[in-house]
Amino acid sequence: MTTSASDTLHSTQTELEKLVADLRGLMASKDLDSVPEIKLLRQRLDDGMHSVRDAAVRAAQEAAHQAKDAARAADRYAHDEPWRVAGAALAVGALVGFLLARR
């Protein structure tokens, strides 16, 4: 689970970096230099992209942290209550077997 959360975080960061690069490329276009407000607009877009990137990274890190916490809690429960886990697995398996046998 850690690997997939890490992969998701890396993928999100990569996509955001591409978006930022595309926006910067567009804003750096010499055709836009004739517009007087372009410097202010470039700064606002750059600041906004930094904020979005930081927020997305924080959200992905928090999601990964919550997933790890949930996995640890499930692991602790399985170790503390092995017979309950085994019983629940047996019940689910029996139910699935019963439903498949009816087909």
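Keep in mind the model is a prediction, meaning the values are calculated, not measured. (Residues numbered from 1 in each chain as written. Predicted model: local features only at pLDDT ≥ 70, side-chain atom pairs only at ≥ 80, totals over all residues. Heavy atoms only, no water.)

**As for the overall build of the chain**
Helix and strand counts for the chain stand at 3 helices and 0 strands. For the chain, the α and β elements follow one another from N to C terminus as α-α-α. In terms of overall size, the chain is more extended than a compact globule, its C-alpha atoms giving a radius of gyration of 25 Å where 103 residues would be expected to give roughly 13 Å. If one aligns the C-alpha atoms of the chain with their principal axes, the spans along those axes are about 75 × 35 × 20 Å. Taking all 103 residues of the chain together, the buried fraction comes to 11%. Within the chain, contacts between residues at least 6 apart in sequence are counted, and of these 56% link residues at least 24 apart. Here the chain displays about 8,200 Å² of accessible surface, and carbon together with sulfur accounts for 60% of that area. For the chain, the distance from the average site of its 14 positive side-chain charges to the average site of its 15 negative ones is 4 Å. (Helix = DSSP H or I, 4+ residues; strand = E, 2+ residues; numbered from the N terminus. Rg over C-alpha atoms; globule rule 2.2 N^0.38 Å. Buried < 20%, exposed > 50% of the residue type's maximum accessible area, 1.4 Å probe, protein only. Contact = heavy atoms within 4.5 Å. Areas by Shrake-Rupley, 256 points an atom, 1.4 Å probe, with all protein chains shown as cover. Lys, Arg positive; Asp, Glu negative; His and termini not counted. Charge placed at Lys NZ, Arg CZ, Asp CG, Glu CD.)

**Considerations on the pattern of salt bridges**
One pass over the full model with this rule turns up 3 salt bridges. Salt-bridge contacts for Glu 15 lead to Lys 18; the nearest nitrogen and oxygen are separated by 3.8 Å. Taken together, the positions of Glu 15 and Lys 18, both in helix 1 (residues 2-27) and 3 residues apart, correspond to about one turn of that helix. Arg 72 is the salt-bridge partner of Asp 69, the closest N and O atoms lying 3.0 Å from each other. Here the residue Asp 69 and the residue Arg 72 both occupy positions in helix 2 (residues 38-80), the gap between them amounting to 3 residues, near one helical turn. (Salt bridge = Lys/Arg side-chain N within 4 Å of Asp/Glu carboxyl O.)

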